[in-house]
Amino acid sequence: MSEAPHLLVEENDGVIICTLNRPDKLNALTGQTMSLFEAALHKFRDTPELKVMLIRATGRYFCAGADLRDTSGEPEVPARTPTAIREKHRLKLHGMHRIYDEMEHIEKPIVVAHQGTCVGGGLELSLSCDFRLAAKSASYAFPEGKFGVLPASNGVSRLTRYVGPHWARYLIMANKPADADRAFTMGLVHEVFADETFEADVMEFCRHLTKQNAEQMGAAKISIEMCAELGRDQARHVERMANSALMLNPDYLAIMEKYISNIGSGGKK
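A quick note: this is a predicted structure, and the numbers were derived from the prediction, not measured.

Rules behind the numbers
- Residues numbered from 1 in each chain as written.
- Predicted model: local features only at pLDDT ≥ 70, side-chain atom pairs only at ≥ 80, totals over all residues.
- Heavy atoms only, no water.
- Pairing = 2+ DSSP bridges.
- Helix = DSSP H or I, 4+ residues; strand = E, 2+ residues; numbered from the N terminus.
- Axes fitted to C-alpha atoms, helices over the stretch in contact; angles between N-to-C directions.
- Contact = heavy atoms within 4.5 Å.
- Phe/Tyr/Trp six-rings, centres within 6.5 Å; stacked < 30°, edge-to-face > 60°.
- Buried < 20%, exposed > 50% of the residue type's maximum accessible area, 1.4 Å probe, protein only.
- Parallel < 35°, antiparallel > 145°, perpendicular 65-115°, else oblique.
- Left-handed = near helix turned anticlockwise from the far one by under 90°.
- Nonpolar A, V, L, I, M, F, W, Y, C, P; charged D, E, K, R; others polar.
- Expected span 1.5 Å × (residues − 1).
- Bend = angle between axes of the 7 residues up to and from the residue.
- Salt bridge = Lys/Arg side-chain N within 4 Å of Asp/Glu carboxyl O.
- Patch = residues over 30% accessible without salt bridge, like charges linked within 9 Å, V, L, I, M, F, W, Y side chains within 5 Å.
- Areas by Shrake-Rupley, 256 points an atom, 1.4 Å probe, with all protein chains shown as cover.

Colleague: Would you mind going over the sheet that holds strand 7 (residues 131-135) in detail, with residue names and values included?
Modeller: Two orientations exist for strands paired in a sheet by backbone hydrogen bonds: parallel and antiparallel. Pairing is mixed across the open sheet formed by 6 strands, whose spatial order is 1-2-3-5-7-10. A strand with exactly one partner marks an edge of an open sheet, and here the two such strands are strand 1 (7-12) and strand 10 (191-193). Across the sheet, the mean angle separating the axes of adjacent strands is 20° when strand polarity is ignored. This element, helix 1 (residues 31-46), spans strand 1, strand 2 (15-20), strand 3 (52-57) and strand 5 (110-114) of the sheet and lies at about 160° to strand 3.

So, in structure tokens, the structure goes:
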């Protein structure tokens, strides 16, 4: 009997839904998971009708991180020497970094929904998403510290950008976990929903995003990333340039024409 796919992909009213599907293995990430996810990511990028990507999971864990027993997709290394191990590690991480970077570059919103525990590589994947939504029972941690290493697939860099050095020290240096409420306090997640309504609340949020102006969201995603890296004066140039382009968008011109016409008629239209 063949094993079920490690990732399920479906489409629902403009939302492409990627579901981690190894509940018996706590949804640990494998080479197959990442390969299927990358294919879904490219379809999302290249299909105009798909407005939002949602990443979710089955079971009591969102994701327990990378499956350390999985060697699929790893580069061949001739010997188990310190140099070879470092090379293998860096090559494998480069592949994950490439996927995570592409998630940030796609000019569409990516939402991740944590119905349960999210640790290690699962949290690093989530940090590349635009929106992180948590169920009340969700929890977060970087267990890499127990092994004397760092979460090196964007765990340090992206986490610090989002929650600042203060909370990054708490999660990484002190190796302390955070429940959903604390994750919300530190800015790690955007919203916390009740477990009983979590799935419906997540889909409502995604449907809300599908109704937003696609050009505006794409420009906002790029502008926010650029402004995060720039000083105040240069960041203001970015927002002005981006907005100038948006003001030539036919959707904006049509809305403004209707708005101005409505004002001229005394608001009766």
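Back to the write-up after that little detour.
Colleague: Got a sec to walk through the packing of aromatic side chains? Specific residues and values, please.
Modeller: On inspection of all chains with the given rule, the structure shows 3 aromatic pairs. Both rings, one in F131 and one in F205, keep their centres 5.3 Å apart while their planes meet at 70°; by these two values the pair is edge-to-face. Highlighted residues: F131 in strand 7 and F205 in helix 6 (residues 198-210), separated in sequence by 74 residues. A residue is classified by how much of its surface remains accessible, and F131, at 24% relative accessible area, is partly exposed. Judged by relative accessible area, which is 16%, F205 ranks as buried. Taking the centre distance of 6.5 Å and the plane angle of 50° together, the rings of F193 and F198 count as tilted. Per residue, the accessibility class of F193 equals that of F198, and both read buried.

Colleague: So what's going on with the pairing of strand 3? Which residues, and what values?
Modeller: When you tally the buried positions in strand 3, you get 5 out of 6 residues, the bulk of the element. In this structure, strand 2 lies alongside strand 3, joined through 6 bridges in parallel fashion. Considered in strand 3, the bridge of I17 is made with L54.

Colleague: Before we move on, could you go through the sheet that holds strand 9 (residues 178-179) and cite the residues and values that matter?
Modeller: Ordered by their spatial adjacency, 4 strands build an open sheet running 4-6-8-9, and the pairing between neighbours is mixed. The open sheet has two edge strands with one neighbour each: strand 4 (61-63) and strand 9. Where strand 8 (residues 139-141) lies against strand 9, 2 bridges are found, and the strand directions are antiparallel. Of the residues in strand 9, the one forming a bridge with S139 is D179.

Colleague: Lay out the packing of helix 7 (residues 214-229) against helix 8 (residues 232-246) with the relevant residues and their values.
Modeller: Contact pair helix 7 / helix 8: the axes reach a minimum separation of 9 Å and the direction vectors enclose 170°. If you check the angle between helix 7 and helix 8, you find them roughly antiparallel. The hand of the helix 7/helix 8 crossing is right-handed. Residues E215, Q216, A219, S223, M226 and C227 of helix 7 pack against A235, V238, A242 and L246 of helix 8. Per-class residue counts for the contact of helix 7 with helix 8 are 7 nonpolar, 2 polar and 1 charged.

Colleague: Can you explain helix 4 (residues 155-173)? Please cite residues and give values.
Modeller: Here helix 4 spans only 12 Å end to end across 19 residues, well under the 27 Å set by a 1.5 Å rise per residue. Of all bends in helix 4, the biggest is about 120°, found at G164, and the proline P165 comes one to four residues later. When we look at burial in helix 4, the residues that qualify are G155, R158, L159, V163, G164, W167, A168, L171 and I172. The first or second residue beyond helix 4 is N175, which carries a positive phi of 55°.

Colleague: Tell me about the pattern of salt bridges, residues and numbers included.
Modeller: Taken as a whole, this structure holds 12 salt bridges when the rule is applied. Salt-bridge contacts for D181 lead to K136; the nearest nitrogen and oxygen are separated by 2.6 Å. Taken together, the residues span a long stretch of sequence, with D181 in helix 5 (residues 180-186) and K136 in the loop between strand 7 and strand 8 at a distance of 45 residues. Where salt bridges share partners, they join R45, D46 and E102 into one cluster.

Colleague: Please provide a residue-by-residue account of a nonpolar patch on the surface, values included.
Modeller: Taken together, the side chains of I222, M226 and L230 present a nonpolar region at the surface, about 230 Å² in accessible area. Summarising the element assignment, L230 is placed in the loop between helix 7 and helix 8.

Colleague: I'd love a proper account of the environment of L54, names of residues and values included.
Modeller: With respect to the element layout, L54 can be found in strand 3. C-alpha of L54 to C-alpha of V112: the two residues are 58 residues apart in sequence and 5.7 Å apart in space. L54 has contacts with V15, I16, I17, C18, V111, A113, V202, M203 and C206, leaving out every residue within four places of it along the chain.

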